Every structure is written in structure tokens, then in C-alpha cells.
Number of protein chains: 2
Amino acid sequence: MALKLYRGNLVFTVSKDAFTLVPGGYVAVEDGRVAEVAPIFPEKYRAAELIDFGDRLLLPGFTDLHLHAAQYPNMGLGYDCELLPWIEKYTYPVENRAANLDYARKIYGALLRDLWKNGVTRAVVMGPADAASCDLLMELYLKSGLSCYCGKRHADHPFNKFPCESTADSLEAARALLEKYRDRSPLVKYMLNPGFAPGCSNELLCAVGRLAAETGAPVHSHLDENRSEVALVKQRFPRDETYADVYLRRGLFGQTPTVMAHCIHTTDRERSLLRRHGVYAAHCIHSNLDLQSGVMPLRRYLDEGIRVGLGSDIAGGHTLNMLDTMRAAVAAAKMRSVYCGEAPVTLSEVFYLATKGGGSFFGKVGSFEPGYEFDCLVVDDASLEDFTERTLLERVERFVYRGDDRNIVRRFVSGRDVPEPRDL
Amino acid sequence: MALKLYRGNLVFTVSKDAFTLVPGGYVAVEDGRVAEVAPIFPEKYRAAELIDFGDRLLLPGFTDLHLHAAQYPNMGLGYDCELLPWIEKYTYPVENRAANLDYARKIYGALLRDLWKNGVTRAVVMGPADAASCDLLMELYLKSGLSCYCGKRHADHPFNKFPCESTADSLEAARALLEKYRDRSPLVKYMLNPGFAPGCSNELLCAVGRLAAETGAPVHSHLDENRSEVALVKQRFPRDETYADVYLRRGLFGQTPTVMAHCIHTTDRERSLLRRHGVYAAHCIHSNLDLQSGVMPLRRYLDEGIRVGLGSDIAGGHTLNMLDTMRAAVAAAKMRSVYCGEAPVTLSEVFYLATKGGGSFFGKVGSFEPGYEFDCLVVDDASLEDFTERTLLERVERFVYRGDDRNIVRRFVSGRDVPEPRDL
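Q: I tried to follow the overall build of chain A on my own but got confused; where do I start?
A: When helices and strands are tallied, chain A shows 13 helices and 15 strands. Here the C-alpha atoms of chain A give a radius of gyration of 21 Å, agreeing with the 22 Å that 2.2 N^0.38 yields for 424 residues. When its C-alpha atoms are laid out on the principal axes, chain A stretches across 60 × 50 × 35 Å. Relative to its 424 residues, chain A shows a buried fraction of 67%. Nonlocal contacts in chain A, meaning residues at least 24 apart in sequence, comprise 75% of its contacts between residues at least 6 apart. Averaging the coordinates of the 51 positive side-chain charges in chain A and doing the same for the 56 negative ones gives two points 1 Å apart.

Here it is, written out as C-alpha cells:
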């Protein structure tokens, strides 16, 4: 890929504590990665093609650290239930329907267009249990130009009235998909998704842990989302000290790169395990409010140095809009500040979580520092005109609070300008 | 106005406890008011013009029960502060700038287009302190075709470093505007807006109360938003038992129709006064989270029979999107359910608040019951397609959780189809 120079108002977060703002700055991109950021025209890149975005904002792409692809049609439905009845009544039926590949192609296409629209350049995706359907999803992801870790959901334990797969089939399918996507693309990679502990047999969890160790494949599951779920896990795995220990003892908690969704009702020990094992907590605030699960103590997680990113958790959450998710995370932290006396979180902190925080699960992703893959959103905030001269920081605040997908006019993934994935 | 018959999927809330859903129903409208709702073609209106909206949804227009017009440019800015420093640092400067009429015309135009876009057919508006600017706002409102109660903000007490008006000027301006708009239009009416108690002298509050009694003009102010503000009021008015009593003793608490914004930190006595005097509480959830003010106990207000509507409180709040406000009200009530053990609120309850609850401040507004003014939003939810047959209730859930202004394709106010107010 040739050397390119992009110009615009650069907005990113090297650390969570402050925005890095470069008005009218330049990003030199070589082979899809940032070579340099410069506040004035960098003479040494004089030969590079210059793409000037004028007064627009350039931000790193967003990472959604937890979503369920097959649940896409259920977004916004059924929030009269808490988690376990919601799974039974709403989620398993729509998850199981994804085994129909004609239907699945439609909903995955709609999902990918929605992710594209919202600037979600990277996602950690819990696929359907059906292996063929998961394969289709990954093929469509490849075609879209967006990036993901994705895997079939393992579910061999009768958690509710719906049929489940056999342990052997579940493992075999994962092995085959791991193999298939090992070298297909750096943007679409297979990961191991042991659904959630109550939906898996002990034998399967242990075998998935061994498969992770053997292949280095990343792991993605759920932790401490809802009090009834925590009680159910305690009942199913009485010899494990905590929910996190269930995964840890089976090789599924940081032995390879790991994302755990929710992490609301964690004990001190569990937070210490999250930190020590470098496990990512996906903070899924909309879902946690919609299903009345509770609110992760985000301030505490950040202060304790636990890795955190933001997740939509559709269809527990109702939107893929990462700006909305950032706003909700700030609002929920302010609510915890009112009720629990914790300090709130700042805008730069949630921006960091939506970009570099979650992006780092993919490597050097989510920032414009040298060496980072050039995932970039070009934002036109002219429609937010307020007849007032604004600083770049105020424009960022205003975009996060008042903007939406209509303001995102271009999306780059790893240096490539990705058009809308219309025909998938 | 001729008799008209509108056809579509009718969605409204006669009571807060359930949606009234009439798939493929008819609304007969005569002289801007609903004559009848019928589930099948009503023969007796055979002669009426039929406007068929096919598979679209028809909902009552939304009412925003509390917003500050002059603060429109500040939406999304400054949420690092709590109320009192936020007023000093962000709000008074932008409020005072609205005295410049060229600038004010631009921001009021943008505000009215934004309200129109979001289907906010009715609003209770706190205007600027500057009388000429408030007059301009009301003239533009008239031109827009939308409906409001609006009034200049009274502010004769030195609450911060900014200059304030004289008591006599403040009253004189209100009298003149009251007179001017008394018979101009049923859609745009003057109301008395004694800013908030700390910004008004005792003399002014008493005089505004007398003016309300004399003219019957409605009243609109703030109550129990923030703990520091409550303490300030206690200090300014030590002889009044509660914040609500400050208004009540001066004729500003239900003696004429009254809206009080926020009502978060109310005492038992204050809630009892709200109920007994039929005062409306404007629940401004986004603002209350953005400024870390706290969360009104909505469940309790509903159970105690207090009149409630939803308010954006821009620019304390960051959006005029009433769907977003409804979602946030449900989420905040769920959070209170987690932290305070209160039962949450339902979707039909917040829909009621956004339509009939707030609308009833304007009379028979916010429902499709006979006699109600025909304020109606036509919603095209085809873009929310999820490849699944949905009930009308599911479509409503989906629209509230996933829809936005793009789905609202027509807006009627009191029977009139209101086009976008482009040139104000």
C-alpha cells in the first residue's frame, strides 16, 4: 500500500486521562499503519498522496467489545424481563433461528451495515451456535472490509427448554472454523466463545480451554452479569471459589487473550484476577440497564488498572451507536457517583474505552500513535452548527453528545477506505 | 377546517398502564380535534377526505415540559460541572448573548427545526431574560406552526457575577408580553417564568404571583434540582418550610397551572404539595444525569398520583430527542430499582408521560381520544426491518428503542400538517 498523508482535525487518546488534539494535523500512513502524526506539513512525506479532509474531525474507529450477531433482530425488544427469563423467552428462539442460512444472511447483512454506519470498525462477536451460520457470518465480515474476532457459541448443556448440541460436535465445529480462518485475513479471526458457563458442560469448558492453549485462540464469554446467573453458576460449579475461577481453572481466563462481558457483580478476588490475568472487561451499559442487571463500577475498574472496553451487547443492549454507549457510560458512572459515592468518569475516559481501550484487544488499534493500524472515522460536524466559535475539544464534546451516524462520512480500517457493505 | 379521516396503525395511551393499539384504524378529525377513533371504516364519515398512511404508525405528538431556548447552542457542553458552577461558567454567558437579536434569530430557528424534527409538537419553554428576545422567540414559534407556553425568565437578584434586571423592568416586560400574546393564537401562549428562586428577589416572586392570580397565566420554574441549590434556597428563604413553600406562599405553586422542573430532592411534604396543588413535575432525566443532580423517584411520583411529564432541559440535557429521553427515563428507573429497591417503570408509562402526561398541561392534548387536539406523528419504521413478523406493540417498542427523527415523516399540530420551519 502506498504512502498516504491525511489532513484534518485529529482527535485521539494516548492515555485515558486526556484527549490528544491536533487541529489541522497530518497523519502519514504506510502499509495501513500510522507512520507519524505531525501538527504541520511534514516535509519528508512530500511525495505522499495528500488527502485533505479540511475542517473535518478524524477519530480512531470504534471497537465494540461484545455483541451477539444472531440477536440483531431483537434489539429493543423484551426489556420487561431480567436476564434468565429474557434468554429463555426472547434470546434462544432468535439465536436458534440463525441456523436458517437464508434468513441469517439477511440479518448479518443488516448487522454489518449497521456496524459500518456507526463507525464500529472492530468488534468481538459472539456468533450463533450453528457452525455453518457462524461460517457465513465470518465470510460476510470478510466481504464487508470491517474487522472482528468471531466464533460460534458453545452450548452443550441443557440450560433451558431448547435443544443443545453435543460436546463432540461443539468442539469439532470450533476446530474446523479455527483452522479455516487461521490465515484467511488479519481482519477476521476466529475466537473461542464458550457461551456462558451455565450453558456449557464442565467437559466442554475444559476441552475449550485446552484448545485455546493449543492454538493460542482468544476467548470470549460472560461474567457476573446478573445475580440469579451468579447463583446458578455457584450451584453448577460449587467447588470453584468464584465465577471467574470457573473459567480460570479451565484455561479460559487470560491464558490466551480474553474478553469477559459485563463483570458487574465481581468480588474483590475476581477483580484481582481480571487485573492479574490481563482479562478485558466489556462494559455493556445499555444492556445492563435494559435487563436491570446492575452497573459495573467503572471508576473502580479504571483505578484498579483493569483493561476495559465498551460493548453494545445487542440484543441485551438496544443500539450499536457507540456515541450513545459512551454517553450512557458517563451517565451511569454519574449515577453511581450519586448512589455509591464513586467519582464519575470523564469524556476522555469513555472515548479512550471506545477506541484504544477496546481496540488494544486487536493489537495496535484505536489510536493514531506511530505503528497503529489506521482505523479512522472522518466526521463532518457542520450540521451541529451552533453559531459560536468552538474549540476542537468543544467540537468533540458536541459530536459525542449530539452527533450520530449521519456525521460519520468515511470509515477506514487498517488503512483501507471501506465503502458501505450494501450487497452481502 | 374540513372533516378528515386518517388511517394507519394507531398507538396512544389513554392511561399510563397500557398502550391502546388500533391496527389499521381510523381517526376522524374535525376542526383540528379528534371526533372519533374507529377500528374499521366508520361509515358515517364516508364524505370525509381520507388520508391513508398505510402501514405507518400514528402516535400523538410529543410534549417537552421544560427547556431553555437560549441555551440551545450549549447542548452537549460543560458536563464536567454540577448545577451552580455550570450555570455560572456556561449558562449565563449563553443566556445573556441571546439579547443580540440577530444571533437569537439564528439559534431560535435552529431550535425550532430541531423540535420539529424530533416531533416535539408542544413545549413549555423558559425564554431568555431579555424581553425583546423572548418576543422574537414567540413570533418565530407562531411562524413555525408548533405550539408552546413561553415566557421571559425573571432574574432580578444578583445570583452570580452577571448583571441582572431591575424588579420593575422585569415585571413590566412580562405584563407587556402577556398582553401581546393573550389572543394572538391558541398555540403560542405566554407564561410566567420566575427563573429559579435564587435568581429572583422576594419582591419579584410575590409580584409575579400576584400577576398570575390577576391574569390566570401559568407558571414555570425549578424545584429541588441539586442539593447545593436546595441549600442556597434554604439560606435565601429561611422562613419557608421547604423550597416548594417558597413558591406556594407567593402564589406560584398551582394557584394557576404550574410546571416545576426536576423535583429530585423533594421532601414528603413537597410531594404532597405537588399532588394537592396539581403541579406538574417535569422529569428531566438527561439533564439530571449530565449535571450529576440525582434521579427523581419517578415510580413514587406515579404511584402517588403526581402529574408528571418529560423535559429535555436543554442545555442541562443534551438532546431534544424524546425517544432518547423516554429510554433514559426507563433506564434511570431501572437503576433506581437496583439501588433503591423501587419498582421500575414501563414503556407505556414513559410513552404516556411523553404524550398525554405532559400534553395535558396544554388541555386535551397527547391522545387520540375524542375531543383531543389532533397532534400526530406519522412514523415510517420500514428502515427498522428485522426480517420477522412483528406485532404492533413490538413495532412500538422497536421504534422507541431504535428509531429516531428519520422515522418521523409527518407532524400534525392541532389538525394542521406542519412542514419543516426552514425560513424563520
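Read on, since the account is not over.
Q: Would you mind showing me how to read the packing of helix 3 (residues 131-144) of chain A against helix 4 (residues 167-180) of chain A here?
A: When two helices pack together, their arrangement is given by the angle between the helix axes and the distance between those axes. Residues and elements named next belong to chain A. Where helix 3 contacts helix 4, the axes come no closer than 10 Å and their chain directions differ by 20°. By the angle between their directions, the pair helix 3 and helix 4 is classed as roughly parallel. Two packed elements cross with a definite hand, and for helix 3 against helix 4 that hand is right-handed. Of the residues in helix 4, those in contact with Ala131, Cys134, Asp135 and Glu139 of helix 3 are Ala173, Leu177 and Lys180. Of the residues in the contact of helix 3 with helix 4, the class split is four nonpolar, no polar and three charged.

Q: It is not clear to me how the relation of the copies chain B and chain A should be interpreted in this structure. Could you clarify?
A: Copy one and copy two of the chain differ by a rotation about an axis and a translation along that axis. Between chain B and chain A, which share one sequence, the superposing operator has a rotation angle of 180° and an axial displacement of 0.0 Å; the RMSD is 0.0 Å. Such a combination of turn and shift is consistent with a two-fold rotation axis. Across chain B, the rotation axis passes nearest the C-alpha of tyrosine 339 of chain B, at a separation of 3.5 Å. By residue overlap, the copies meet face to face through one surface: 100% of the interface positions of chain B are interface positions in chain A.

Q: Looking at this model, I keep getting lost on empty space enclosed by the protein. Mind explaining?
A: Where empty space is left can be seen by rolling a probe of water-molecule size over the atoms. Tallied over the full model, the rule gives seven cavities of 30 Å³ or more. Within this model, the largest cavity holds a volume of roughly 250 Å³. If you trace the largest cavity, you find 20 residues lining it, with His286 and Ala328 of chain A together with His286, Ala328 and Ala331 of chain B closest to the centre. When the residues that make up the lining of the largest cavity are grouped by side-chain class, the tally is ten nonpolar, four polar and six charged.

Q: Would you take a moment to explain the pattern of salt bridges for this structure?
A: Should their charged atoms come close, side chains of opposite charge can pair. Evaluated as defined, the whole model comprises 83 salt bridges over all chains. Glutamate 179 of chain B is the salt-bridge partner of arginine 182 of chain B, the closest N and O atoms lying 3.5 Å from each other. For arginine 182 of chain B, a relative accessible area of 48% corresponds to the partly exposed category. Beyond isolated ion pairs, a larger network of salt bridges with shared partners links Asp55, Asp381, Asp386, Arg390, Glu394, Arg395 and Arg398 of chain A.

Q: What should I look at first to understand helix 12 (residues 347-359) of chain B in this one?
A: Residues that lie three or four places apart on an α-helix share one face, since the helix turns once every 3.6 residues. Residue and element names in this part refer to chain B. Along its 13 residues, helix 12 runs 17 Å from first to last C-alpha, staying within 8% of the 18 Å computed at 1.5 Å per residue. In the structure, helix 12 departs most strongly from a straight axis at leucine 353, where the bend amounts to approximately 50°. In terms of residue burial, helix 12 counts as a mostly covered element, since twelve of its 13 residues are buried. For helix 12, the set of buried residues is Leu347, Ser348, Glu349, Val350, Phe351, Leu353, Ala354, Thr355, Lys356, Gly357, Gly358 and Gly359.

Q: I would appreciate a short explanation of the state of the cysteines in the present structure.
A: Covalently bonding the sulfur atom of one cysteine to the sulfur atom of another cysteine gives a disulfide. Residue and element names in this part refer to chain B. One pass over the full model with this rule turns up zero disulfides over all chains. The thiol of cysteine 148 is unpaired, and the distance to the nearest cysteine sulfur, on cysteine 150, comes to 5.0 Å. There is no disulfide at cysteine 284, and the cysteine sulfur nearest it, in cysteine 263, is 8.6 Å away. Note on cysteine 284: relative accessible area 0%, which makes it buried.

Q: I tried to follow the interface of chain B and chain A on my own but got confused; where do I start?
A: How big an interface is tends to be expressed through the accessible area that disappears when the partners come together. Taken together, the contacts link 43 residues of chain B with 43 residues of chain A. Carbon and sulfur atoms supply 56% of the area buried between chain B and chain A, which totals about 3800 Å² over both sides. A per-residue breakdown of the area chain B buries against chain A is headed by Met335, Tyr339 and Phe387 of chain B, which together make up 17% of the total. Here chain B and chain A share four salt bridges between them. A salt bridge links arginine 406 of chain B to aspartate 405 of chain A, with the shortest nitrogen-to-oxygen separation between them at 2.8 Å. Elements with a contribution of two residues or more to the side of chain B that touches chain A: helix 2 (101-117), helix 9 (285-290), helix 11 (322-340) and helix 13 (392-402) of chain B.

Q: Looking at this structure, I do not really get the environment of cysteine 150 of chain A. What am I missing?
A: All names here are of chain A. In this structure, cysteine 150 sits in strand 7 (residues 147-151). The class for cysteine 150 is buried, based on a relative accessible area of 0%. Sequence separation of cysteine 150 and leucine 137 is 13 residues, and the distance between their C-alpha atoms is 8.6 Å. With residues up to four places along the chain from it excluded, the contact list for cysteine 150 reads Val125, Gly127, Cys134, Leu137, Met138, Lys189, Tyr190, Met191 and Asn193.

Q: Would you mind going over the sheet that holds strand 1 (residues 4-15) of chain B with me for this structure?
A: Pairing between sheet strands relies on hydrogen bonds along the backbone, with the strands arranged either parallel or antiparallel. Residues and elements named next belong to chain B. Sheet architecture is open: seven strands sit in the order 3-2-1-4-13-14-15, paired in mixed fashion. Each edge of the sheet is formed by a strand with only one pairing partner; in this case those strands are strand 3 (33-38) and strand 15 (416-417). Of the strand pairs in this sheet, strand 1 and strand 4 (residues 49-60) are connected by six bridges, and their pairing is parallel. Within the sheet, the bridge partner assigned to tyrosine 6 lies in strand 4 and is isoleucine 51. Running over the sheet, helix 12 touches strand 1, strand 2 (18-30) and strand 4 and is turned about 115° from strand 1. This element, helix 13, spans strand 1, strand 2, strand 4, strand 13 (376-379) and strand 14 (408-413) of the sheet and lies at about 90° to strand 2.

Q: Can you walk me through the pairing of strand 11 (residues 280-283) of chain A in this structure?
A: Taken residue by residue, a regular strand's side chains alternate between the two faces of the sheet. All names here are of chain A. Burial along strand 11 is two-sided: Tyr280 and Ala282 facing one way and Ala281 and His283 facing the other are all buried. Pairing analysis gives three bridges linking strand 10 (residues 258-262) to strand 11, with the strands arranged parallel. Each residue of the ladder has a partner; that of alanine 261, found in strand 11, is alanine 282. Considered for its hand, the β-α-β crossover made up of strand 10, helix 8 (residues 268-276) and strand 11 is right-handed. Pairing analysis gives three bridges linking strand 11 to strand 12 (residues 308-310), with the strands arranged parallel.

Thresholds, definitions, all that
- Residues numbered from 1 in each chain as written.
- Chains lettered and ligands numbered in written order.
- Predicted model: local features only at pLDDT ≥ 70, side-chain atom pairs only at ≥ 80, totals over all residues.
- Heavy atoms only, no water.
- Helix = DSSP H or I, 4+ residues; strand = E, 2+ residues; numbered from the N terminus.
- Rg over C-alpha atoms; globule rule 2.2 N^0.38 Å.
- Buried < 20%, exposed > 50% of the residue type's maximum accessible area, 1.4 Å probe, protein only.
- Contact = heavy atoms within 4.5 Å.
- Lys, Arg positive; Asp, Glu negative; His and termini not counted.
- Charge placed at Lys NZ, Arg CZ, Asp CG, Glu CD.
- Axes fitted to C-alpha atoms, helices over the stretch in contact; angles between N-to-C directions.
- Parallel < 35°, antiparallel > 145°, perpendicular 65-115°, else oblique.
- Left-handed = near helix turned anticlockwise from the far one by under 90°.
- Nonpolar A, V, L, I, M, F, W, Y, C, P; charged D, E, K, R; others polar.
- Least-squares fit on C-alpha atoms with pLDDT ≥ 70 in both.
- 1 Å grid on protein atoms, 1.4 Å probe; cavity = no way out; pocket = protein on both sides within 12 Å on 5 of 7 lines; lining within 4 Å.
- Points joined across faces, edges and corners; volume = space filled by probe spheres on them.
- Salt bridge = Lys/Arg side-chain N within 4 Å of Asp/Glu carboxyl O.
- Expected span 1.5 Å × (residues − 1).
- Bend = angle between axes of the 7 residues up to and from the residue.
- Disulfide = S-S within 2.5 Å.
- Buried area = accessible area lost by both parts, 1.4 Å probe.
- Pairing = 2+ DSSP bridges.
- Right-handed = clockwise from strand over helix to strand, strands pointing away.

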